[in-house]
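These are the residues of each chain, in order.
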Amino acid sequence: MLGAGPAGLYFAILMKRADPRHEVRVFERNDPDATFGWGVVFSEGSLDELEHADHESYVAVTAACATWNPLDIRYRGTTTRVRGNAFSGIGRRRLLHVLQARARELGAELTFHHEVEGLGPYLDADLVVGADGANSLVRRELAAGVRPAVDHAPSRYAWFGADLAFPVFTYVFRETEWGLFQAHCYAYDESRSTMVLLIGDETWRLAGLDRLDEQGSLELCERVFAEDLCGHRMLSNRSLWISFPWIRCRSWHLDNVVLLGDAAHTAHWSIGSGTKLALEDAIALARAVAGHRYRLGPAFAEFELERQPAVERLQEASRVSCDYFQSLRRYFTFEPLQFAYQLMTRTPRIGHTNLTARDPDFVRRVEARFAERAGGRSAYAAPPPAFTPLRLRSVTIPNRLVFMGGPEDGAGLVISEPCAVSPEGRLTPETPVEPPPAPAGSLLCLRLGHAGRRGSCRPRRSGVDRPLPPAEAWPLVSASPIAHAPWMPAPRALDREGMERVRGDFAAAAGLAAGLGHRMLLLDFAHGSLLASFISPLANRRADEFGGGPEGRMRFPLAVAAMLRDHGADILLVLTGQTVAGSQPAYGRAYGVPYADRVRNEAGVATIAFGQIRTLDEVNTALAAGRADLCVLDR
Ligand SMILES: Cc1cc2nc3c(=O)[nH]c(=O)nc-3n(C[C@H](O)[C@H](O)[C@H](O)COP(=O)(O)OP(=O)(O)OC[C@H]3O[C@@H](n4cnc5c(N)ncnc54)[C@H](O)[C@@H]3O)c2cc1C
């Protein structure tokens, strides 16, 4: 074992348990008492696997853990408490001591102060385990076989301690003259806590932290968090400001060498799971090796098959969590209750229903406040966010569910099938050019568009982007003469006159729609349509004032919108992808919500979220967290 962190020590324990005759040697560069970092935290259930893998160390680890259930969010002078989050924390040194003692008790040989400088001297062992952490030398030596990829988060963090025990897990957000400082604080014994600090790169520079030494940085942070420290001190131990490294490897083994824990993969610390992953890796590897009677090829294959999907899921959740903490400045206008809700539901692992089970009182208060802001009265109990109305100027949408193309039952708003503003702007020969009359008593939002270079296609039932035979086709127009896909005809670039004509077509169609009783229009700026082709730099290569930077590319679409509505849109339906035929959007559960969130909270405009939102739980979560104002329910 190269490295005596949690992964290496735990694997040593399990191998000795499997057969005491195994000769297990662990090499570690540091002293047994030295460690970077302070305490680590485990969320509920994280340690369950340990109970069965090695009961003795499980009992010793859990006995040494501090546990708590609520968490506090300190934000803009307020503290919001959310209950139902069972966590436990343990000092990293304490954890390592427990594992060291257990490994020795079982007969593993631990050698400290031993720097591994290359794999060569160890390769005659039956099995070599690279458990040497995120900066793994073993990974570097195996690079050709394991194909690592490392990229860095664009923020800085530093792992400090404090000589007080925060009563519960506490998130602190402090605004300073240099920008936002955040601290994630948790006790790991009766009198000490971990404080992991996170700041943006710019804040780090503006605060002068790039020039301060460790002591200077400690003193500055003590001043920032003075109110939270209540006269206590922060502690540092190699507490350097670094960018979090995202590590992934295609494979985790080569010949008789295998990677474990952080050497193979990292998960952002803000979901507190790196140690859990390292320990679970050790369990899975030990099981696979014993199960395959020490034939390493099949054992490694099984180990990777079992672990890689689980690790990828957690890595993805931790990436979402990291993105959230790096961009939460955009939520600083939120009321404390909503800010706390947004933080709690930052990854898809916790949604509205789950949070209700954790802390029903907190969610009831969130719902009541949401309904109150939606125009209702303040009430002790209110409907879930999906069933509150939304008022947009003179229109009241009775609930927050949007259906595309019908049916109407249960919907607050139905968005019609696309209607073209001119024959030239049709997607297929079946696209209507005349708007249908607005059905009495229902909320139908009429979708008006011009298909641009994606037009003149066969109906969708024949496939997507399949051009009509030349005899039936009509000429296409776009921002630039670039085809949507190599197999589609090239469009003509619209000149000024053509643009005026298109503007006129939109105006005429809107006038017609108003005459037919429509109260809401959706203008299609998305999915490779004519107006979308002006916005995207992949489709717009114009040299005039309608091309170039974002301002130029937005000029024509905004001119069309402004003609219909003087003061901008009331709400934006945020659609992504399909701008060019070769795009590869990352579709997944509720994939569109983060885009709606970003538009809503950076541009300050109401949004409709779209993109595989399938459950009321996802709708309630997106709404209550202030990520969208309406949601298209995927059917
Ligand atoms: C700020 C921060 C907070 C975190 N908080 C949590 C948390 O709350 N909960 C959680 O579960 N996880 C947390 N983690 C993650 C956790 O610390 C790691 O995922 C975990 O320690 C990985 O264990 P490991 O054994 O794979 O590697 P490590 O713990 O890094 O151990 C690797 C060992 O190898 C040794 N080594 C390296 N190179 C050599 C060499 N060449 N020769 C000899 N020895 C060598 C090192 O000295 C070290 O002891 C956090 C991480 C960070 C950065």
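Since we're looking at a predicted model, the values are computed, not measured.

What to know about the packing of helix α10 (residues 274-291) against helix α11 (residues 296-327)
For step 1, the next point in the chain: At a closest axis distance of 8 Å, the pairing of α10 and α11 adopts a crossing angle of 160°. By the angle between their axes, α10 is roughly antiparallel relative to α11. Crossing of α10 over α11 shows right-handed handedness. For the pair α10 and α11, contact is made by L277, D281, A284, L285, A288 and V289 and by A299, E302, F303, E306, R307, V311 and L314, respectively.
For step 2, the next point in the chain: Across the contact of α10 with α11, the residue classes break down as 9 nonpolar, no polar and 4 charged.

Re the pairing of strand β20 (residues 401-404)
For step 1, the next point in the chain: The pairing of β20 with strand β28 (residues 630-632) spans 2 bridges and is parallel. Its bridge partner being in β28, V402 is matched across the sheet by V632.
For step 2, the next point in the chain: Where β20 meets strand β21 (residues 413-420), 3 bridges bridge the pair, whose relative direction is parallel. Counterpart to F403 in the pairing with β21 is V414.

As for the packing of helix α1 (residues 6-18) against helix α4 (residues 92-105)
For step 1, the next point in the chain: Two elements in contact, α1 and α4, have axes separated by 9 Å at closest approach and are oriented at 25°. Overall, the two elements α1 and α4 adopt an arrangement that is roughly parallel. α1 and α4 meet at a crossing whose hand is left-handed. Contacts between α1 and α4 involve P6, L9, Y10, A12 and I13 from the former and L95, L96, L99, Q100, R102 and A103 from the latter.
For step 2, the next point in the chain: Partitioning the contact of α1 with α4 into residue classes produces 9 nonpolar, 1 polar and 1 charged.

Remarks on the sheet that holds strand β2 (residues 39-43)
Whenever strands of a sheet pair, they do so through backbone hydrogen bonds, lying parallel or antiparallel.
For step 1, the next point in the chain: Read across the sheet, 3 strands follow the order β2-β6-β3 without closing on themselves; strand pairing throughout is antiparallel. Single-partner strands in this sheet number two, and they are β2 and β3 (66-68). With strand direction ignored, the average angle separating the axes of adjacent strands in the sheet is 25°.
For step 2, the next point in the chain: Across 5 bridges, the pairing between β2 and strand β6 (residues 87-91) is antiparallel. From the neighbouring strand, G39 faces β6, where its bridge partner is G91.
For step 3, the next point in the chain: This element, α4, spans β2 and β6 of the sheet and lies at about 80° to β6.

So, the site of the ligand
For step 1, the next point in the chain: Close contacts around the ligand come from 32 residues, with G3, G5, G133, G261 and G274 the closest.
For step 2, the next point in the chain: Taken together, the elements giving at least two residues each to the shell around the ligand come down to α1, β2, β10 (155-162) and α10.
For step 3, the next point in the chain: The dominant element in the shell around the ligand, judged by the number of residues it contributes, is α10, at 4 residues.
For step 4, the next point in the chain: Class assignment of the residues belonging to the shell around the ligand gives a composition of 15 nonpolar, 11 polar and 6 charged.
For step 5, the next point in the chain: Built from parts of two domains, the shell around the ligand gets at least three residues from each of domain 1 (1-65 + 88-147 + 244-337) and domain 2 (154-239).

Considerations on the domain arrangement of the chain
For step 1, the next point in the chain: Domain assignment breaks the chain into domain 1 (1-65 + 88-147 + 244-337), domain 2 (154-239) and domain 3 (421-585).
For step 2, the next point in the chain: Relative placement of domain 2 and domain 3: their C-alpha centres are 51 Å apart.

With respect to helix α17 (residues 550-564)
For step 1, the next point in the chain: Between its first and last C-alpha atoms α17 spans 21 Å; for 15 residues at 1.5 Å apiece the expected length is 21 Å, and the two agree.
For step 2, the next point in the chain: The largest bend in α17 amounts to roughly 40° and is located at F556, with the proline P557 lying one to four residues further along.
For step 3, the next point in the chain: All buried positions along α17 are accounted for by R553, F556, P557 and V560.
For step 4, the next point in the chain: Residues of α17 that are buried in the fold lie against α15 (496-515), β25 (521-523) and α16 (530-535).

Re the nonpolar core
For step 1, the next point in the chain: In this structure, F11, L197, L260, I608, A609 and C631 are the most contacted members of the largest nonpolar core, which totals 173 residues.
For step 2, the next point in the chain: Here I608 is in contact with V402, I571, L572, L573, V574, A596, A628, D629, L630, C631 and V632, once residues within four sequence places are set aside.

Comments concerning the environment of R76
For step 1, the next point in the chain: Structurally, the position occupied by R76 is in the loop between β4 (71-75) and β5 (78-82).
For step 2, the next point in the chain: R76 gets classed as partly exposed once you count the C-beta atoms within 10 Å, which come to 13.
For step 3, the next point in the chain: Expressed as a C-alpha distance, the spacing of R76 and T333, which sit 257 residues apart in the sequence, is 9.8 Å.

Thoughts on α4
For step 1, the next point in the chain: A rise of 1.5 Å per residue sets the reference length of α4, with its 14 residues, at 20 Å; its end C-alpha atoms lie 20 Å apart and thus fit the reference within 8%.
For step 2, the next point in the chain: Every buried residue of α4 is accounted for by L95, L96, V98, L99, Q100, R102 and A103.
For step 3, the next point in the chain: Where the residues of α4 are buried, they touch α1, β1 (25-27), β2, α3 (55-63), β6 and β7 (109-111).
For step 4, the next point in the chain: Of the residues one or two after α4, G107 is the one with positive phi, at around 105°.

Section: unusual backbone geometry
For step 1, the next point in the chain: With phi around 45°, R76 is a residue other than glycine that occupies positive phi space.
For step 2, the next point in the chain: Residues other than glycine seldom take positive phi values, yet Q578 does so here, at roughly 60°.
For step 3, the next point in the chain: Mapped onto the elements of the fold, Q578 is located in the loop between β26 (572-574) and α18 (593-604).

Regarding the sheet that holds strand β13 (residues 193-200)
For step 1, the next point in the chain: Strand order in the open sheet formed by 7 strands is β5-β4-β11-β12-β13-β10-β14, with mixed pairing between adjacent strands. Of all strands in the sheet, those bounded by a partner on one side alone are β5 and β14 (234-235).
For step 2, the next point in the chain: Relative to strand β11 (residues 169-176), β4 runs parallel, the two sharing 4 bridges. Within the sheet, the bridge partner assigned to I73 lies in β11 and is Y171.

Observations concerning the pairing of β10
For step 1, the next point in the chain: Of all 8 residues in β10, 8 are buried, a share of seventy percent or more.
For step 2, the next point in the chain: Relative to β13, β10 runs antiparallel, the two sharing 8 bridges. Paired with A158 across the strands is L197, a residue of β13.
For step 3, the next point in the chain: Two strands pair when backbone bridges link them, and β10 and β14 are joined in this way by 2 bridges, in the antiparallel orientation. From the neighbouring strand, A162 faces β14, where its bridge partner is M234.

Definitions and cut-offs
- Residues numbered from 1 in each chain as written.
- Predicted model: local features only at pLDDT ≥ 70, side-chain atom pairs only at ≥ 80, totals over all residues.
- Axes fitted to C-alpha atoms, helices over the stretch in contact; angles between N-to-C directions.
- Helix = DSSP H or I, 4+ residues; strand = E, 2+ residues; numbered from the N terminus.
- Parallel < 35°, antiparallel > 145°, perpendicular 65-115°, else oblique.
- Left-handed = near helix turned anticlockwise from the far one by under 90°.
- Contact = placed C-beta atoms within 7 Å.
- Nonpolar A, V, L, I, M, F, W, Y, C, P; charged D, E, K, R; others polar.
- Pairing = 2+ DSSP bridges.
- Near = placed C-beta within 6 Å.
- Domains from an automatic or database assignment.
- Expected span 1.5 Å × (residues − 1).
- Bend = angle between axes of the 7 residues up to and from the residue.
- Buried ≥ 20, exposed ≤ 12 C-beta atoms within 10 Å, placed from the backbone.
- Core = buried A, V, L, I, M, F, W, Y, C linked by C-beta atoms within 7 Å.

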